[in-house]
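Below are the chains, spelled out letter by letter.
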Amino acid sequence: MHATAAAQLGEASNGPTMGAVVQTHCPYCALQCGMGLGTDQEGTGALRVLARDFPTNNGGLCQKGWTAAELLTSPQRLTTPLVRHAGRLQAASWDHALDTVVAGIKAVQTSHGAAAVAVFGGGGLTNEKCYALGKFARVALKTPYIDYNGRFCMSSAAAAANRSFGIDRGLPFPLSDLAEADVILMLGSNAAETMPPFMQWLTRQRDNGGRLIVVDPRRTPTARASSLHLAVTPGTDLALVNGLLHILIMAGAIDESYIASRTVGFAEVRRVVASYHPERVERITGVPAAQLRAVAGMLAEAERAILLTARGAEQHSKGVDTVSALINLALALGLPDGPGSGYGCLTGQGNGQGGREHGQKADQLPGYRSITDPAAREHIASIWGIPVDDLPGPGRSAFELLDSLGTESGPRALLLAGSNPVVSAPDSTRITARLQALDLLVVSDVVLSETAALADVVLPVTQWAEETGTMTNLEGRVLLRNKAIDPPAEVRSDLQVISELARRLEAPGSWSADPATVFDELARASAGGISDYAGISYSKITAQDGVFWPCPDAEHPGTARLFAERFHTADGMARFFAVEHRAVAEDIDEEYPIYLTTGRVLQQYQSGAQTRRIAALAQAQPESFVELHPDLAERLDVSEGELIMVRSRRGVAQGLARITDSIRPDTVFMPFHFADAGAANRVTNPALDPISKMPEFKVCAVVLEKADA
Ligand SMILES: Nc1nc2c(c(=O)[nH]1)N[C@H]1C(S)=C(S)[C@@H](COP(=O)(O)OP(=O)(O)OC[C@H]3O[C@@H](n4cnc5c(=O)[nH]c(N)nc54)[C@H](O)[C@@H]3O)O[C@H]1N2
Ligand SMILES: Nc1nc2c(c(=O)[nH]1)N[C@H]1C(S)=C(S)[C@@H](COP(=O)(O)OP(=O)(O)OC[C@H]3O[C@@H](n4cnc5c(=O)[nH]c(N)nc54)[C@H](O)[C@@H]3O)O[C@H]1N2
Ligand code: SF4
Ligand SMILES: [Mo]
């Protein structure tokens, strides 16, 4: 137990077997459930996860949270740097590993220039790390090339919110507002598996008499908890939502006075949705017109309604427009206003929100500023202590960056932290080849992920419970994760790695490895920006169970609800964007007659790098599978548990058949958590949304083959 943190937080009241308990948050998803970490003093001294009463999860955790401490002491974690010699990764000293990194960077820069080195980050990293990584790329490496895995996650919802509201905070209201809504419409979220303690808010809403509508090609555990499930054809949510607005306009159920006083651009939307009559929408989406009318009826009746999107609706080559369609619906109904009403996106990764605010995005500077805005550049250059002309411009989006590695025009060296793209990037075979074409790949990780296994240098870093740092949850609430234990001797934090590399590269400015010092700099850098953290401090976060940004000064309490009076646009008005349905990038045909969609299961997290190494989770979900409808199974003569191959134009992935009538007969589902032959991303389509550059993870055309054929 870290003595200071424990002393600050006091002794536990969790029963006689527990030592001091440190109040912290789960290492995984964006709900960032509050939890306690205590040492079992009578037993082994191992860390134990304890329930903690925090306003988002109220003591609830999912199975991943309860088992999260296991990886801290796992024999599978990395405990020493590794450097590749004669083709093999071998244990090395930190000095040798960092010397190798710096020599490699300098060699590449000397022959190919500063832009030949790139950085790839992650939305699971703390705010302090995301900030330091963005600064490191621009100041120490002087490269424009930095992006991160949030591009695969949040980017479509972010772009749509920015263009309508002028600000992008996943939920512009606290989670507790959900309980107040008469109707909640969820597009493409399986929260019952992806953030189980979130479901308590839906239960409260139902107990208050509210209704839940879930749109998903599968009857998921979330859909089972709903009043109405719409089994939409993958990639057609935009048409569905335009269809709902069509019915509501025809019924005179829109809020004309709200539209007039708080928005601009409705006339064009009214014109476009005029052609989305229910029968046409039924043909596009597969959702019966009667169900569309039923949903529109519920929305028309509702005094308060909340419309939500998650990855099911967003991870498409038209993800931005789909979210815009839903924002249009919310604005037309006059929702983004008071408690229990509005539009929100359910952010995914632990710091998926903060990860998109502090400058690890290709086009962004801290405080959610644009890297092309001259005033923003001046401000950040002065914080960083560099001439503004030394600040690079925008780089490339995640997939475009990864796809350019090792090519004529692309970077030749990559420093990567907090992502495992060999498993999680679309068309992963292609991306793996690009990573292998690099002159230098450096990966910081806690385990030897599939991507780390390709690296020239692997740096072992501390885990959540071994370091302090802030995370910003799906509500925009900035939280503090407290250090609970000391890391193994030869393990360093990402901040230590960044500051040591910056020192060796003789970067200008200050490079603290102390999280609190970095947070202070981050807060100053964010001052006056969209995501303003200037008034947030570690002590304030602890004192008030997190602080909602924007929080511009020390006296400010934080902003739980964003849009009560105005939007974050120059004139304060929200913008409608007229959007049209378009086909998926790769539609089914004779050769590839089935849709593949991909997503998550409860017991695995993301690329599985962490959760596949936790015994109870690996046991619950040991390998890849393919969910398919009984009719399809019969047609293909596939039986339950049989190994089947899913083939697309990009490649093939295998999984065991799980036959269930909860999925549409024209669609199969695979989780993306598994590596090697079971990796769904060997098959997925990297067609990108033109605005957000989000890949179309959620739909491509495949053919199913029996393994023994
Ligand atoms: N257990 C677990 N929890 C997690 C994660 C994890 O890996 N594992 N990851 C975290 C992260 S980073 C994220 S982003 C979130 C993601 O959280 P969710 O968005 O809830 O997760 P997904 O399973 O990716 O997708 C949700 C649903 O979209 C449906 N879907 C597929 N295609 C379509 C479509 O065209 N339209 C509609 N309407 N629905 C469609 C799928 O059937 C699936 O049930 O989860 C977070 N929580
Ligand atoms: N087919 C398909 N593909 C998808 C998706 C999908 O729905 N379908 N979803 C996409 C989405 S939404 C996301 S968010 C991505 C996520 O996919 P990835 O970006 O691969 O995310 P993780 O598996 O969480 O990878 C995080 C890595 O960082 C390590 N790590 C954890 N904490 C730290 C830390 O503090 N420092 C460092 N240096 N490393 C750390 C972990 O061990 C792990 O290896 O996948 C995307 N890919
Ligand atoms: S819901 Fe998310 S934050 Fe909560 S315990 Fe599960 S993984 Fe952790
Ligand atoms: Mo995500």
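Figured I'd write up the structure that's included with this text.

Conventions adopted
All residue numbers refer to positions counted from 1 along the written sequence of the respective chain. Following the order in which they are written, the chains are lettered starting with A and the ligands numbered starting with 1. Side-chain atom pairs in this predicted model are given and counted only at pLDDT of 80 or more, local residue features only at pLDDT of at least 70, and totals for whole chains, interfaces and linings cover all residues. Excluding hydrogens and water, the side-chain values take into account all heavy atoms of the structure. Residues are classed as near a molecule or strand on a simple rule: at least one heavy atom within 4 Å of it. In this classification, the charged set is Asp, Glu, Lys and Arg, the nonpolar set is Ala, Val, Leu, Ile, Met, Phe, Trp, Tyr, Cys and Pro, and all remaining amino acids, among them Gly, are polar. Here the limits of each domain have been adopted from an automatic or database domain assignment. At least two DSSP bridges between two strands are needed for those strands to be called paired. Per the convention used, a helix needs a DSSP run of H or I reaching at least four residues, while a strand needs a run of E reaching at least two, with both numbered from the N terminus. Helix axes use the C-alpha atoms of the stretch in contact, all axes being lines fitted to C-alpha atoms, and the angles between their N-to-C directions lie in the range 0 to 180 degrees. For the purposes of this section, nonpolar cores are sets of buried Ala, Val, Leu, Ile, Met, Phe, Trp, Tyr and Cys residues that join through side-chain atoms within 4.5 Å. Accessibility here uses a 1.4 Å probe with only protein chains present; expressed as a share of the type maximum, an area under 20% marks a residue as buried, one over 50% as exposed, and anything in between as partly exposed. Any two residues whose heavy atoms approach within 4.5 Å are treated as being in contact. The term salt bridge refers to a pairing of a side-chain nitrogen on Lys or Arg with a carboxyl oxygen on Asp or Glu at a separation within 4 Å. In protein, a polar contact requires one atom able to donate a hydrogen and another able to accept it; more generally it is a pair of N or O atoms within 3.5 Å, and residues adjacent in sequence count only if both atoms are side-chain atoms. Only the protein chains shown count as covering a residue, and every accessible area follows the Shrake-Rupley method with a 1.4 Å probe.

### Side note on the site of ligand 3
At step 1: Close to ligand 3 lie Cys 26, Tyr 28, Cys 29, Gln 32, Cys 33, Leu 61, Cys 62, Lys 64, Gly 65, Met 195, Pro 196 and Pro 197, which account for all nearby residues.
At step 2: Looking at the shell around ligand 3 residue by residue, the class counts come to 9 nonpolar, 2 polar and 1 charged.
At step 3: Two domains share the shell around ligand 3, each providing at least three of its residues, namely domain 1 (3-73) and domain 3 (155-345).

### Remarks on the sheet that holds strand β16 (residues 413-417)
At step 1: If you trace the 7 strands from one edge of the open sheet to the other, you get β5-β4-β18-β17-β16-β6-β7, paired in mixed fashion. The sheet is open, and its two borders are formed by β5 (88-91) and β7 (146-148), each paired with just one other strand. Looking at each pair of strands side by side, their axes are set apart by 20° on average, direction ignored.
At step 2: By the bridge criterion, 4 bridges tie strand β6 (residues 117-121) to β16 in an arrangement that is parallel. Note that in β16 the partner of Ala 118 across the bridge is Leu 414.

### Quick word on the nonpolar core
At step 1: One finds Phe 136, Phe 165, Phe 198 and Leu 329 to be the most contacted residues of the largest nonpolar core, which totals 172 residues.
At step 2: For Leu 329, the contacting residues outside a window of four places in its chain are Leu 185, Val 241, Leu 244, Leu 245, Leu 248, Leu 299 and Leu 307.
At step 3: Grouped together as the second largest cluster of nonpolar side chains are 24 residues, Leu 414, Ile 431, Leu 435 and Val 443 included.

### Things to note about the pattern of salt bridges
At step 1: In the structure shown here, the tally under the stated rule is 37 salt bridges.
At step 2: Measuring nitrogen to oxygen at the nearest pair gives 3.4 Å for the salt bridge that ties Glu 301 to Arg 211. Here Glu 301 is found in helix α13 (residues 289-301), whereas its partner Arg 211 is found in strand β9 (residues 211-215), with 90 residues between them in sequence.
At step 3: Taking the relative accessible area as the measure of exposure, Arg 211 reaches 34% and is therefore partly exposed.
At step 4: With its nearest N and O atoms 3.9 Å apart, the salt bridge here joins Asp 363 to Lys 361.
At step 5: According to the relative accessible area criterion, Lys 361 is buried, its value standing at 13%.
At step 6: One continuous salt-bridge network, built from bridges that share partners, spans Asp 95, Asp 99, Glu 500, Arg 503 and Arg 504.

### Regarding the site of ligand 1
At step 1: Near ligand 1 there are 33 residues, and of these Asp 216, Asp 237, Arg 600, Gln 604 and Gln 606 occur at the shortest range.
At step 2: The contact in question runs from an oxygen atom of ligand 1 to an N or O atom on the side chain of Asp 216, over 2.7 Å.
At step 3: Within the backbone of Leu 602, one N or O atom sits 2.9 Å away from a nitrogen atom of ligand 1.
At step 4: Starting from 910 Å² of accessible surface for ligand 1 in isolation, the protein chains cover 99%.
At step 5: Broken down by secondary-structure element, the contributors of at least two residues to the shell around ligand 1 are α6 (191-194), α14 (311-314) and β23 (594-599).
At step 6: When its residues are assigned to classes, the shell around ligand 1 shows 10 nonpolar, 15 polar and 8 charged.
At step 7: Built from parts of two domains, the shell around ligand 1 gets at least three residues from each of domain 3 (155-345) and domain 4 (594-706).

Geometry only, nothing functional implied.
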